[in-house]
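Commentary on secondary and tertiary structure
What follows is the residue order along each chain.
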Amino acid sequence: MTRDTIRKSEADRRRAVLPDPAATRQSFRWEDAGAMLDGLPGGGLNIAFEAVDRHVAHGDGERLALRWLGKDGSTRDLTYAELMRETARFANVLRAHGLQPGDRLLSLMGREVALYVAALGTLKAGLVFSPLFSAFGPEPIRTRMEIGEANAMVTTESIYRRKIAPWRHEIPSLRTVFLADATAAPEGCVALGPAMADAADRFEVAPTAPDDMALIHFTSGTTGRPKGAVHVHDAVRAHAATGRFALNLRPGAVYWCTADPGWVTGTSYGIISPLVNGATMLVDEADFDLDRWYATLERERVQIWYTAPTAIRMMMRAGVEAAQPYDFSALEFLASVGEPLNPEGVVWGSEVFGRPFHDNWWQTETGGIMIANMAAEDIRPGSMGRPLPGITAGVVDTSGKTLRDCPPGEIGELALRPGWPSMMRAYLNEPARYAKAFRDGWYLSGDLAMRDAEGCFWFVGRADDLIKSSGHLIGPFEVESALIEHPAVAEAGVIGLPDETAGEVVRAYVSLNPGYTPSEGLEREIRGHARKRLGAAVAPREVIFRNTLPKTRSGKIMRRLLKARELGLPEGDISTLETDET
Ligand code: ATP
Ligand code: MG
């Protein structure tokens with residue numbers, strides 16, 4: 001996948017928060033990230049204090065912390081000082097209802113202000129916060145509540161009545177349910193509004209230690225049953241530093257992360273990192289809507305934008321023309337995470353927004369961005385970039401007794417040297433699975449990658465998704481990216497199917513751009529295009545048209561599901577499945 005390197009202009013380099021990435025990589029130590037923070041006045045470290053109260057103590061209380069954009073077009077602004085008071089009220093409400101440090105609170109609601117206040121207020125009170133997608137059905141909620149042993153939850157009245165009330169009493173750990181929108185709560189619940197109104201707006205932040213549990217994040221469930229990754233307050237050092245390194249976050253910058261807090265991106269970079277870095281963050285209550293998004297970027301003069309490949313592909317599907325009426329001149333930095341970012345998408349960003357998308361790689365487990373290009377660095381479309389300062393990444397061969405370092409150009413498992421502060425400390429109740437992720441001093445990510453001679457990392461696929469065909473190792477990403485280059489193809493998911501002679505053969509599922517309809521001719525043409533780009537051994541043998549591809553709620557293509565269905569195997573855990581039409 002060779003595309004010309006996108007070079008940063010001198011002006012862009014100078015404007016970057018860290019204009020000399022090479023020097024930063026050399027000199028940065030994780031202890032330095034501590035200097036970006038204050039620590040609690042009485043000792044200890046607390047994420048919410050660093051995100052909110054600290055700025056008020058520094059005299060920046062009047063700066064806008066959060067601008068909320070309602071589905072109905074209304075807006076609500078909160079300064080850092082207001083956010084400090086609201087989160088204090090919430091922490092006081094928790095205490096008033098007997099909730100103590102170490103207890104666990106689970107959230108289940110849309111992107112409303114109350115969700116953000118609850119997240120930070122929970123951390124202030126020293127409780128553990130665990131966010132779920134509000135669209136989850138009763139079963140996924142219940143499973144996660146059991147794994148997470150939730151003691152309290154924040155939700156809305158209608159979600160509660162529909163999805164939780166029928167079995168609530170079967171969860172012995174669950175003591176308190178707060179209803180964010182209720183004025184009078186049903187039996188056994190607390191109406192949050194009135195409780196907040198009665199609560200004091202000052203709260204002494206709980207004296208949490210860096211290693212105290214702070215967050216439980218469930219993985220996306222792309223490859224199987226979601227795991228509950230445990231993170232501690234010390235993670236805030238990584239949220240602070242990686243936000244600067246990878247997203248160019250800085251005080252007062254207008255920043256928009258489109259992810260829902262139910263996914264780790266929407267918490268680490270949709271709440272904590274922007275606030276710790278003193279930025280002004282937008283929260284959009286609505287889900288993806290092309291015109292709404294373009295209008296938001298223009299009207300709010302968004303400077304830094306963090307989104308995902310699935311959204312980028314939807315924008316690409318609508319064409320450049322849809323973006324033309326809008327003024328994106330405020331935008332200065334674009335980044336993407338969650339799935340491989342096809343080189344087409346990177347370049348498309350440059351054409352439409354005047355800036356390329358910066359790909360970056362990380363996982364629920366890593367708690368923060370691990371591999372990315374910094375603002376002042378050139379971009380090689382299709383590559384994820386380089387390890388951030390403080391991160392040592394490798395590509396290793398796991399087949400032997402001991403791990404072997406793969407030379408540049410060889411495919412191996414993407415591995416990281418443990419030691420950064422936002423690394424997970426456990427998979428809840430699954431010590432064996434956790435232990436299995438570490439070997440010979442490396443954390444093994446489960447993803448396959450390749451490193452080039454310049455130290456850039458290239459994503460190949462998830463270890464489970466790798467295809468072995470006639471002696472070739474084929475990563476789905478490479479095939480999918482080639483398919484997307486065809487003008488008819490909007491999205492592609494590629495799997496391997498068992499074959500007697502080849503071992504496996506490549507099968508592609510694609511959805512089409514508007515104006516194209518499935519036909520045998522088009523199928524042949526797309527296969528021909530792929531063959532020309534990739535060679536006959538790697539190109540898909542078959543292309544199947546679908547309206548959409550099965551995806552998780554965080555927007556990831558579920559290749560394992562395509563495969564299981566094709567082979568008539570059990571579908572496994574599909575609690576996070578979102579779109580699914582054939
Ligand atoms: P599960 O672990 O439950 O199967 P998941 O791995 O999708 O789900 P997340 O932690 O949300 O859960 O996602 C992390 C994974 O997403 C990475 O391991 C990788 O496979 C993929 N990913 C994230 N960012 C990128 C990227 N920039 N390029 C390629 N893949 C990415
Ligand atoms: Mg994973």
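Analysis parameters
- Residues numbered from 1 in each chain as written.
- Chains lettered and ligands numbered in written order.
- Predicted model: local features only at pLDDT ≥ 70, side-chain atom pairs only at ≥ 80, totals over all residues.
- Heavy atoms only, no water.
- Buried < 20%, exposed > 50% of the residue type's maximum accessible area, 1.4 Å probe, protein only.
- Helix = DSSP H or I, 4+ residues; strand = E, 2+ residues; numbered from the N terminus.
- Arc of directions from axis to C-beta.
- Contact = heavy atoms within 4.5 Å.
- Pairing = 2+ DSSP bridges.
- pLDDT = per-residue confidence, 0-100.
- Core = buried A, V, L, I, M, F, W, Y, C linked by side-chain atoms within 4.5 Å.
- Axes fitted to C-alpha atoms, helices over the stretch in contact; angles between N-to-C directions.
- Parallel < 35°, antiparallel > 145°, perpendicular 65-115°, else oblique.
- Nonpolar A, V, L, I, M, F, W, Y, C, P; charged D, E, K, R; others polar.
- UniProt positions renumbered as here; feature names shortened; annotations may be inferred.
- Near = heavy atom within 4 Å.
- Polar contact = N/O pair within 3.5 Å; in protein donor to acceptor, adjacent residues only side chain to side chain.
- Areas by Shrake-Rupley, 256 points an atom, 1.4 Å probe, with all protein chains shown as cover.
- Left-handed = near helix turned anticlockwise from the far one by under 90°.
- Salt bridge = Lys/Arg side-chain N within 4 Å of Asp/Glu carboxyl O.
- Phe/Tyr/Trp six-rings, centres within 6.5 Å; stacked < 30°, edge-to-face > 60°.
- Lys NZ or Arg CZ within 6 Å of the ring centre and 35° of its normal.

1. As for helix α8 (residues 157–164)
Within the sequence span of α8, burial applies to Ile159, Tyr160, Lys163 and Ile164. Angularly, the buried residues of α8 cover 100° about the axis, an arc narrow enough to put them on a single face. Next to the buried residues of α8 lie β3 (104–108), α7 (138–148), β5 (152–155), β6 (176–179) and β7 (189–191).

2. Some words on the sheet that holds strand β16 (residues 386–387)
If you trace the 9 strands from one edge of the open sheet to the other, you get β2-β1-β11-β10-β12-β13-β14-β15-β16, paired in mixed fashion. The two strands at the open ends of the sheet, each matched to only one other strand, are β2 (75–79) and β16. With 3 bridges joining them, strand β10 (residues 254–257) and strand β12 (residues 304–307) adopt parallel strand pairing. Each bridged residue has a counterpart across the sheet, and for Cys257 the counterpart in β12 is Tyr306.

3. Comments concerning the confidence of the model for the chain
Regions with low pLDDT carry predicted coordinates that are not meant to be interpreted in detail. Across the chain, pLDDT averages 95, with 99% of residues at or above 70. On the interface metric, ipTM, the complex scores 0.99, and its pTM is 0.96.

4. Observations concerning the nonpolar core
Of all hydrophobic cores here, the largest spans 129 residues; its most connected members are Tyr255 and Tyr306. With 24 residues, the next largest nonpolar core counts Leu282, Leu334, Leu341 and Phe353 among its residues.

5. Digging into the packing of helix α10 (residues 235–247) against helix α11 (residues 264–276)
Direction vectors running N to C along α10 and α11 enclose 90°, while the axes themselves pass 8 Å from each other. When the axis of α10 is compared with that of α11, the two are roughly perpendicular. Facing α10, whose interface residues are Val236, His239, Ala240, Thr242, Gly243 and Leu247, α11 presents Ser268, Tyr269, Ile272, Ser273 and Val276. Partitioning the contact of α10 with α11 into residue classes produces 6 nonpolar, 5 polar and no charged.

6. Regarding the UniProt feature "domain: AMP-dependent synthetase/ligase" (unreviewed entry) in the chain
Per the UniProt entry, the sites bearing "domain: AMP-dependent synthetase/ligase" (unreviewed entry) are residues 56–428 in this numbering. Overall, residues 56–428 shows 31% helix and 23% strand. The separation of its end C-alpha atoms is 35 Å.

7. Concerning the site of ligand 1
In the region of ligand 1, 23 residues are neighbours, and Thr219, Ser220, Thr222, Thr223 and Thr364 sit closest. With respect to ligand 1, the backbone of Gly221 contributes an N or O atom lying 2.7 Å from an oxygen atom. The separation between a nitrogen atom of ligand 1 and a polar main-chain atom of Pro340 is 3.5 Å. Relative to its free-state accessible area of 630 Å², ligand 1 is covered by the protein chains to the extent of 97%. Put simply, the parts of the chain that give the shell around ligand 1 at least two residues each are β14 (357–361) and β23 (457–462). Among the elements that make up the shell around ligand 1, the one with the highest residue count is β14 (3 residues). Here the residues of the shell around ligand 1 are counted per class, giving 7 nonpolar, 9 polar and 7 charged.

8. Details of the side chain of Asn342
Position of Asn342 among the secondary structure elements: in the loop between β13 (333–337) and α14 (343–353). At 3.0 Å, the side chain of Asn342 forms a polar contact with the side chain of Ser481. Look past the residues within four positions of Asn342 in its chain and what remains in contact with it is Arg313, Phe477, Glu480, Ser481 and Ile484.

9. Structural notes on the side chain of His486
Here His486 shows up in the loop between α16 (476–484) and β26 (489–499). Once residues lying within four places of it in the same chain are set aside, the contact partners of His486 are Leu522, Glu525, Ile526 and His529.

10. So, the packing of helix α13 (residues 309–318) against α14
Packing of α13 against α14 leaves a shortest axis separation of 10 Å and a crossing angle of 60°. Considered as vectors, α13 and α14 are oriented oblique to each other. For α13 against α14, the interelement crossing comes out left-handed. Residues Ile312, Met315 and Met316 of α13 form the contact with α14, whose participating residues are Glu344, Gly345, Trp348 and Phe353. Grouping the constituent residues of the contact of α13 with α14 by class yields 5 nonpolar, 1 polar and 1 charged.

11. With respect to the pattern of salt bridges
A full pass over the atoms with the stated rule returns 43 salt bridges. With its nearest N and O atoms 3.1 Å apart, the salt bridge here joins Arg13 to Asp378. Of this pair, Arg13 sits in helix α1 (residues 10–15) while Asp378 is found in the loop between β15 (371–372) and β16, placing the two residues 365 residues apart along the sequence. Lys124 serves as the salt-bridge partner of Asp53, at 2.9 Å between the closest nitrogen and oxygen. Of the two residues, Asp53 sits in helix α4 (residues 47–57) while Lys124 sits in helix α6 (residues 113–124), which places them 71 residues apart along the sequence. The residues Asp53 and Lys124 share a single accessibility class, namely buried.

12. With respect to the UniProt feature "transmembrane region" (unreviewed entry) in the chain
Taken from the UniProt record, the annotation "transmembrane region" (unreviewed entry) applies to residues 113–136. Along residues 113–136 one finds 50% helix and 21% strand; the C-alpha atoms at either end are 20 Å apart.

13. Things to note about the sheet that holds strand β28 (residues 542–545)
Spatially, β26-β27-β28 is the arrangement adopted by the 3 strands of the open sheet, whose pairing is mixed. Strand pairing shows two members of the sheet lacking a second neighbour, β26 and β28, which therefore form its edges. On average, each strand axis in the sheet is inclined to that of its neighbour by 25°, with strand direction left out of account. Sheet topology places β26 next to strand β27 (residues 503–512); 10 bridges connect them, and they run antiparallel. Opposite Val494, over in β27, you have Ala508 as the bridge partner. Sitting on the sheet, α16 touches β26 and β27, and the angle it makes with β26 is about 140°.

14. Looking at the packing of aromatic side chains
The final tally for this structure, using the stated rule, is 23 aromatic pairs. On the numbers, 4.9 Å between centres and 65° between planes, the contact of Phe328 with Phe353 is edge-to-face. Separated by 25 residues along the polypeptide, Phe328 in the loop between α13 and β13 and Phe353 in helix α14 bring together distant segments of the chain. With respect to burial, Phe328 and Phe353 carry one shared label: buried. Arg144 extends its terminal NZ or CZ atom over the ring of Phe218, reaching a point 5.7 Å from the ring centre.

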